[in-house]
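# Working through the structure, step by step
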Amino acid sequence: MGKDKETPEVRREKMRQGELKNPSSSIHGSNLADLVGGLGWKGTGLLILVLIIAGVFFLLKFNPPLEIGTIASSEDNKSVVIGIGNNGFREVKIVDVSVNNNEKPLETRLQVSNALQGFTITDDYNSEEAKKYGFTNIDEIVIKTGTSPSSNYEKLDDGTASRDDEIYGISVIHNEEINNVHIEYSHFGTTFNDTVYLNYY
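The notes below deal with the structure included here.

Conventions adopted
- Residues numbered from 1 in each chain as written.
- Predicted model: local features only at pLDDT ≥ 70, side-chain atom pairs only at ≥ 80, totals over all residues.
- Heavy atoms only, no water.
- Helix = DSSP H or I, 4+ residues; strand = E, 2+ residues; numbered from the N terminus.
- Buried < 20%, exposed > 50% of the residue type's maximum accessible area, 1.4 Å probe, protein only.
- Contact = heavy atoms within 4.5 Å.
- Polar contact = N/O pair within 3.5 Å; in protein donor to acceptor, adjacent residues only side chain to side chain.
- Core = buried A, V, L, I, M, F, W, Y, C linked by side-chain atoms within 4.5 Å.
- Patch = residues over 30% accessible without salt bridge, like charges linked within 9 Å, V, L, I, M, F, W, Y side chains within 5 Å.
- Areas by Shrake-Rupley, 256 points an atom, 1.4 Å probe, with all protein chains shown as cover.
- Salt bridge = Lys/Arg side-chain N within 4 Å of Asp/Glu carboxyl O.
- Pairing = 2+ DSSP bridges.
- Axes fitted to C-alpha atoms, helices over the stretch in contact; angles between N-to-C directions.

## Re the environment of Y125
Among the structural elements, Y125 can be located in the loop between β4 (107–114) and α3 (128–131). Accessibility expressed as a relative area gives 7% for Y125, which makes it buried. Residues in contact with Y125, not counting those within four places in the same chain, are E107, T108, R109, A130, F135, S171, V172 and I173. Reaching out from Y125, the side chain makes a polar contact with the backbone oxygen of S171 at a distance of 3.1 Å.

## What to know about the nonpolar core
Judged by nonpolar contacts, the single largest core of 21 residues is most densely connected at I84, I94, I170, V181 and I183. At the level of secondary structure, the elements contributing two or more residues to this core comprise β2 (79–86), β3 (92–99), β7 (166–173), β8 (180–187) and β9 (190–197). A per-element tally of this core places β3 first, with four residues. Each residue touching I94, except ones within four places of it in the same chain, is listed here: I84, I138, I143, I170, I183, E184 and Y185. Within the second largest apolar cluster, five residues are counted, among which are Y125, Y133, F135 and I173.

## Thoughts on unusual backbone geometry
Positive phi outside glycine occurs at N77, with the angle close to 60°. Inspection of the secondary structure puts N77 in the loop between β1 (66–73) and β2. The residue N102 is not glycine, and still its phi comes out positive at about 55°. Residue class for N102 comes out exposed when judged on its relative accessible area of 59%.

## Remarks on a nonpolar patch on the surface
A surface patch of nonpolar side chains, about 290 Å² in accessible area, is lined by L46, L49 and V50. Among the secondary structure elements, L49 is positioned in helix α2 (residues 32–62). A relative accessible area of 47% places L49 in the partly exposed class.

## What about the sheet that holds β2?
The strand order β1-β2-β7-β4-β5 describes an open sheet built from five strands, whose pairing is antiparallel. Each end of this open sheet is capped by a strand with a single partner; those strands are β1 and β5 (135–136). Helix α4 (residues 149–158) rests against β1, β2 and β7 of the sheet, and its axis sits at about 65° to β1.

## Looking at the sheet that holds strand β6 (residues 142–143)
Pairing is antiparallel in the open sheet, where four strands are placed in the order β6-β3-β8-β9. Strands with a single pairing partner mark the edges of an open sheet, and in this sheet they are β6 and β9. Looking at chain direction, β3 and β6 are connected through two bridges and run antiparallel. Of the residues in β6, the one forming a bridge with V92 is I143.

## Here's the deal with the pattern of salt bridges
For the coordinates displayed, the defined rule picks out six salt bridges. The shortest N-O distance in the salt bridge between E129 and K132 comes to 3.3 Å. On the accessibility criterion, K132 (53% relative accessible area) is exposed. Put simply, K144 and E166 hold a salt bridge, and the shortest N to O gap is 3.5 Å. Of this pair, K144 sits in the loop between β6 and α4 while E166 sits in strand β7, and the two are 22 residues apart along the sequence.

## Details of the pairing of β4
Relative to β7, β4 runs antiparallel, the two sharing eight bridges. Within β7, the position partnered with V112 by the bridge is Y168. As paired strands, β4 and β5 are joined by two bridges and run antiparallel to one another. Note that in β5 the partner of L110 across the bridge is T136.

Read these as spatial facts, not as claims about activity.
Spelled out as structure tokens, the structure:
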């Protein structure tokens, strides 16, 4: 049978047979199933792992876990407390705190109080009054999950808040007026930076 007399069905069958003998001539790897099939089980597992890690990284970057709540200061604005909480899925660790133009404050502490007691503003962390508010070095405490200020406000509003509802406040004392506070913290191996601006009227 000459080439001119071949039917379309015969030509298609010959082309299919040719592709089976020489798979590199076919459109191999043109879709995800072919790509995964070509990688093998180790390559597929590695690809899935990379996708999961990338997904978690972007989720964290676009949904920072630290939530800012109460912002209060002394009359001269040299002592400030910033309520913070953790709405992430792992603990948050405060790494560093600076003020204004990345200046090191005179003193920085973390208040560990409860929703009913609230926070205090002080220029003496060792006073009898201050001791009730659990002032601690920032590197000694982690911010537990489920401590977002907004959830504590809701509990206070509906009357379900208790002394078991732990709250955290970054307390800063400086020798000049504090205009902003920079908070560096880590969560799930990722470092974040947050700046809280204090507007005085």
